[in-house]
Amino acid sequence: MSPAEVVDSDGGPKSGPGGGPEAAGTAPGAGRRSLSPLWTLGLFRSELTTTFRRWRTLALLGVLAAVPVLIGIAIKIETSDGGSVGGGGGPEGGAGPAFLTQITNNGLFLVFAALAATLPVFLPMAVGVIAGDAVAGEANGGTLRYLLVAPAGRTRLLLAKYAATLVFCLAATLAVAVSALIVGALLFPLGDVTTISGTSISFADGLVRAVLIALVVAASLIGLAALGLFVSTLTNSGIAAMATTVGLVITVQILDTIPQLHGIHPYLFPHYWLSFADLLREPFYWDDVLRNLGLQGVYAAVFGSAAWARFTAKDISA
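All figures in this text were calculated on a predicted structure; none of them were measured in a lab. (Residues numbered from 1 in each chain as written. Predicted model: local features only at pLDDT ≥ 70, side-chain atom pairs only at ≥ 80, totals over all residues. Heavy atoms only, no water.)

J.: I would appreciate a short explanation of the overall build of the protein in the present structure.
T.: Counting its regular elements, the protein contains 12 helices and 2 strands. In the protein, the succession of helices and strands from N to C terminus is α-α-α-α-α-α-α-α-β-β-α-α-α-α. Relative to its full complement of 318 residues, the protein shows a buried share of 43%. In the protein, once contacts between residues fewer than 6 apart in sequence are set aside, the share between residues at least 24 apart is 73%. In the form shown here, the protein has an accessible surface area of approximately 14,400 Å², with 67% of it arising from carbon and sulfur atoms. (Helix = DSSP H or I, 4+ residues; strand = E, 2+ residues; numbered from the N terminus. Buried < 20%, exposed > 50% of the residue type's maximum accessible area, 1.4 Å probe, protein only. Contact = heavy atoms within 4.5 Å. Areas by Shrake-Rupley, 256 points an atom, 1.4 Å probe, with all protein chains shown as cover.)

J.: Would you explain unusual backbone geometry in this entry?
T.: Residues apart from glycine generally show negative phi values, whereas peptide bonds are mostly found in trans. Glu-282 connects to Pro-283 through a cis peptide bond whose omega is 5°. Within the secondary structure, Pro-283 sits in the loop between helix H11 (238–255) and helix H12 (287–313).

J.: I keep staring at the side chain of Asn-106 and nothing clicks. Help me out?
T.: Counting through the fold element by element, Asn-106 comes out in the loop between helix H4 (100–103) and helix H5 (109–118). Judged by relative accessible area, which is 3%, Asn-106 ranks as buried. Among the polar contacts listed, one links the side chain of Asn-106 to the backbone oxygen of Gly-191, at a separation of 2.9 Å. Those residues in contact with Asn-106 that lie beyond four places of it in its chain are Pro-189, Leu-190, Gly-191, Asp-192 and Val-193. (Polar contact = N/O pair within 3.5 Å; in protein donor to acceptor, adjacent residues only side chain to side chain.)

J.: Is there a simple way to think about the pattern of salt bridges in this case?
T.: When the charged atoms of two side chains with opposite charge come close together, those side chains can pair. In the structure shown here, the tally under the stated rule is 4 salt bridges. For the salt bridge of Arg-209 with Asp-205, the shortest nitrogen-to-oxygen distance reads 3.8 Å. Separated by 4 residues within a single helix, Arg-209 and Asp-205 lie in helix H9 (residues 203–219), roughly one turn from each other. On the basis of relative accessibility, which here comes to 5%, the residue Arg-209 falls in the buried class. Of the charged contacts in the structure, one is a salt bridge between Arg-281 and Asp-278, with a shortest N-O distance of 2.9 Å. (Salt bridge = Lys/Arg side-chain N within 4 Å of Asp/Glu carboxyl O.)

J.: How should the confidence of the model for the protein be read in this particular structure?
T.: The predicted coordinates should not be examined in detail at positions where pLDDT is low. Confidence in the prediction of the protein, expressed as mean pLDDT, is 79, and 75% of residues score 70 or more. Mean pLDDT across the elements of the protein bottoms out in helix H1 (residues 30–34) (44) and peaks in H9 (93). Scored below 50 in pLDDT, residues 1–35 makes 50 contacts in the model with residues more than four places away or belonging to other chains. In this model, residues 87–96 is a region of pLDDT below 50 whose contacts with residues beyond four sequence positions or in other chains number 16 contacts. (pLDDT = per-residue confidence, 0-100.)

J.: How do you make sense of a nonpolar patch on the surface when you look at a structure like this?
T.: On the surface, Leu-170, Leu-174, Val-178, Ile-182, Leu-186, Val-211 and Leu-215 cluster together into a nonpolar patch covering about 630 Å² of accessible area. Elements supplying a minimum of two residues to the nonpolar patch: helix H8 (154–187) and H9. The greatest single-element share of the nonpolar patch, amounting to 5 residues, is contributed by H8. On the accessibility criterion, Val-178 (45% relative accessible area) is partly exposed. (Patch = residues over 30% accessible without salt bridge, like charges linked within 9 Å, V, L, I, M, F, W, Y side chains within 5 Å.)

Spelled out as structure tokens, the structure:
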């Protein structure tokens, strides 16, 4: 690599033999440009556009949106003859998975059931694919070096990619929630919501809680997004980074189900994922929800810092 192609760890291109920015192929004032908030915002907008224009991203959102459709249709068919979810017509037969038994009475519960069904598997896998490919995909495609010479700055570029991944977390969660709400409204009646505590709240209040739960579910993925971004800085292969991130998700969730490892369960990032159900209590039960958000913040800080340390010291040759 020529001196003009060497990228400095703090974001800008290193000077060439002459010592000035011109020697590195950078116009005077480019460093000042990289400090502009508008430049940072433009970088984030560019990352966001790139992420959501990819067919892979659109396919992932499409698959996530299809999950509530399949759940809703399956429940509608199963209960079309007057039976209950899970088979059988009696109370015992109606004791299906959480939220599923309530869907036939209120379509809003399809939102909660769909989020509960996708959060352990589909949502984290989708986020793992996007986060794992964030840096490694650019390196594999040979565009990472040119992004840094722009100059984007390593720190700003990494933050922009993480922010774009967080937006995807929110978009993916909303794809599930909105699809479930539409399907629930089309296939089942809507009305007052019976909380887990047994009290009844209005549909409007239930809708507000559905929005709050969707935001909590999206926030539950920020730790995984940082972990995936860190993995992405370790390799130049996008496929390897995506596979590793998804593999880590599966491994950690398996560990979270082993009773003998109960001592480490509270420190595993998926442990409190389903705590969002506590927001359907009257009054709210915040303890596990706050533990979940705090744990995600710790993972984001630890692996975000590790990703920054690795990326700023990495020799960019592709």
